[in-house]
Amino acid sequence: MVRSISLGKTGDKMSIAEKLREARLKKGLTQEALGLLSGLGRVYINHVEKGRYKNITIQTIQKLADALDVSTDELIESETSDKSGLPDKSLADMLSSFTSDFGEKLKKLEVVEIPVMGIIPAGNPAVEEESKLGTVFVTRDMIGGKIGRVYALQIGGESLSGDGIHYGDNVLVDPDAPIIDGKIYAVRLGNEVVARHVFKENGHIRLESSNGEFKRILAIDVEIMGRIISVVKNVKL
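Residues numbered from 1 in each chain as written. Predicted model: local features only at pLDDT ≥ 70, side-chain atom pairs only at ≥ 80, totals over all residues. Heavy atoms only, no water.

Participant: Could you give me a rundown of the overall build of the protein chain, with the residues and numbers involved?
Facilitator: Secondary structure summary: the protein chain contains six helices and 12 strands in total. Across the 237 residues of the protein chain, 36% fall into the buried class. When the accessible surface of the protein chain is summed, it comes to about 14100 Å², and 52% of that surface belongs to carbon and sulfur atoms. (Helix = DSSP H or I, 4+ residues; strand = E, 2+ residues; numbered from the N terminus. Buried < 20%, exposed > 50% of the residue type's maximum accessible area, 1.4 Å probe, protein only. Areas by Shrake-Rupley, 256 points an atom, 1.4 Å probe, with all protein chains shown as cover.)

What follows is the structure in structure tokens.
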């Protein structure tokens, strides 16, 4: 497909025809001389400068720019910056931007090791028993780059099965996440812990399961340990 650019004039902007004539005169070239240098011929140059062609191909613009020893931008940038579909950045800038973006994407896919700090009931609250249960491997984007802050807990029940979180799954916990109604949090009630959906309600905290088999819990003295931000499934081989 051959791409072309309109030769028309928009508002107060110079058309390509006007720019071509101005650039030719600055170089002290006749239409015939420019026609020879570009290989396009005097008649073609004359017709372009008089606006007799509605469109001109990018390849032709390049030939004219080379013959005039100017950049293609000097002939088309103000006229076509919004219409030609040509990039505003140079190739070097685009490659640099691509490399930077690609590097950031690779960084997000970097695999990191997160400690599993214990088991948390997803059912009825139970006494907290904190013990390291090894590690899980996740990509950096799963923890928002918070290495050293996010930790994992192993789910010990089925009250969150409605969310696709089951017994034996590991969940990633962000201790810095703000409290948002309805999100799932690791919660401490006295010396007991549980994983539930959290809601603020008339000065209380309401804890809800997602499978309908466990009663809601209303509490005042609640410590939010962190929001569950992702699940690492327990894959049985």
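Participant: Describe the nonpolar core, listing the residues and the values that go with them.
Facilitator: Core analysis: the largest hydrophobic core is formed by 16 residues, its most contacted members being Leu20, Leu34, Ile56, Ile61, Leu64, Leu68 and Leu75. Among the secondary structure elements, those contributing two or more residues to this core are helix 1 (16–26), helix 3 (42–49), helix 4 (58–68) and helix 5 (72–80). Among the elements that make up this core, the one with the highest residue count is helix 4 (five residues). One finds Ala122, Leu153, Met225 and Ile228 within the second-largest nonpolar core, a separate group that totals 15 residues. (Core = buried A, V, L, I, M, F, W, Y, C linked by side-chain atoms within 4.5 Å.)

Participant: An account of the pairing of strand 7 (residues 170–174) is requested, with residue identities and associated values reported.
Facilitator: For strand 7, a buried count of five out of five residues is recorded, marking the element as mostly surrounded by other parts of the structure. Going residue by residue along strand 7, you find Asn170, Leu172 and Asp174 tucked away on one face and Val171 and Val173 tucked away on the opposite face as well. With four bridges joining them, strand 6 (residues 151–155) and strand 7 adopt antiparallel strand pairing. Bridge pairing in strand 7 places leucine 153 opposite valine 171. As paired elements, strand 7 and strand 12 (residues 223–232) share five bridges and run antiparallel to each other. Across the sheet, the residue bridging to asparagine 170 is valine 232, located in strand 12. (Pairing = 2+ DSSP bridges.)

Participant: Any chance you could break down the environment of glycine 190 for me, citing the residues and the numbers?
Facilitator: By the secondary structure assignment, glycine 190 is in the loop between strand 8 (184–189) and strand 9 (192–201). Judged by its relative accessible area of 53%, glycine 190 falls in the exposed class.

Participant: Quick rundown of the pairing of strand 12? Include the residues and the values.
Facilitator: Across four bridges, strand 8 lies against strand 12 in antiparallel orientation. Looking at the pairing, valine 187 lines up with isoleucine 224 of strand 12.

Participant: Tell me about helix 3, and name the residues and values.
Facilitator: Because an α-helix packs 3.6 residues into every turn, residues spaced three or four apart end up facing the same way. Listing the buried residues of helix 3 in full gives Ile45, Asn46, Val48 and Glu49. Take helix 3 and look down its axis: the buried residues cluster within an arc of 165°, on one side only. Where helix 3 is buried, its residues meet helix 1, helix 2 (31–38), strand 2 (55–57) and helix 4. At the exit of helix 3 stands glycine 51, carrying a positive phi of roughly 70°. (Arc of directions from axis to C-beta. Contact = heavy atoms within 4.5 Å.)

Participant: Which residues make up the confidence of the model for the protein chain, and what values go with them?
Facilitator: When pLDDT is averaged along the protein chain, the result is 79; 76% of the residues meet or exceed 70. When the elements of the protein chain are averaged for pLDDT, strand 1 (residues 4–6) gives the smallest value, 52, and strand 7 the largest, 92. (pLDDT = per-residue confidence, 0-100.)

Participant: Explain the pattern of salt bridges residue by residue, including any values.
Facilitator: Pairing is possible between side chains of opposite charge, provided their charged atoms come close. Counted under the stated rule, the structure contains seven salt bridges. Taking the shortest distance from any N to any O, the salt bridge between arginine 24 and glutamate 49 comes out at 2.7 Å. With a gap of 25 residues between them, arginine 24 in helix 1 and glutamate 49 in helix 3 connect regions that are remote in the sequence. Like glutamate 49, arginine 24 is buried. In this structure, lysine 233 and aspartate 169 form a salt bridge, with 2.7 Å as the shortest nitrogen-oxygen distance. Remark: aspartate 169 occurs in the loop between strand 6 and strand 7 and lysine 233 occurs in the segment after strand 12; sequence separation between them is 64 residues. By relative accessible area, which is 42% here, lysine 233 ends up partly exposed. Residues joined by salt bridges that share partners form a network here, namely Glu201, Arg206, Glu208 and Arg216. (Salt bridge = Lys/Arg side-chain N within 4 Å of Asp/Glu carboxyl O.)

Participant: Hey, could you go over the packing of helix 1 against helix 4 for me, with residue numbers and the actual values?
Facilitator: It is the contact of helix 1 with helix 4, at a shortest axis distance of 10 Å, that shows an interaxial angle of 20°. In terms of orientation, helix 1 and helix 4 fall into the roughly parallel class. By crossing handedness, the relation of helix 1 to helix 4 is classed as left-handed. Residues Ile16, Leu20, Ala23 and Arg24 of helix 1 form the contact with helix 4, whose own contacting residues are Ile61, Leu64 and Leu68. Partitioned by chemical class, the residues of the contact of helix 1 with helix 4 number six nonpolar, no polar and one charged. (Axes fitted to C-alpha atoms, helices over the stretch in contact; angles between N-to-C directions. Parallel < 35°, antiparallel > 145°, perpendicular 65-115°, else oblique. Left-handed = near helix turned anticlockwise from the far one by under 90°. Nonpolar A, V, L, I, M, F, W, Y, C, P; charged D, E, K, R; others polar.)

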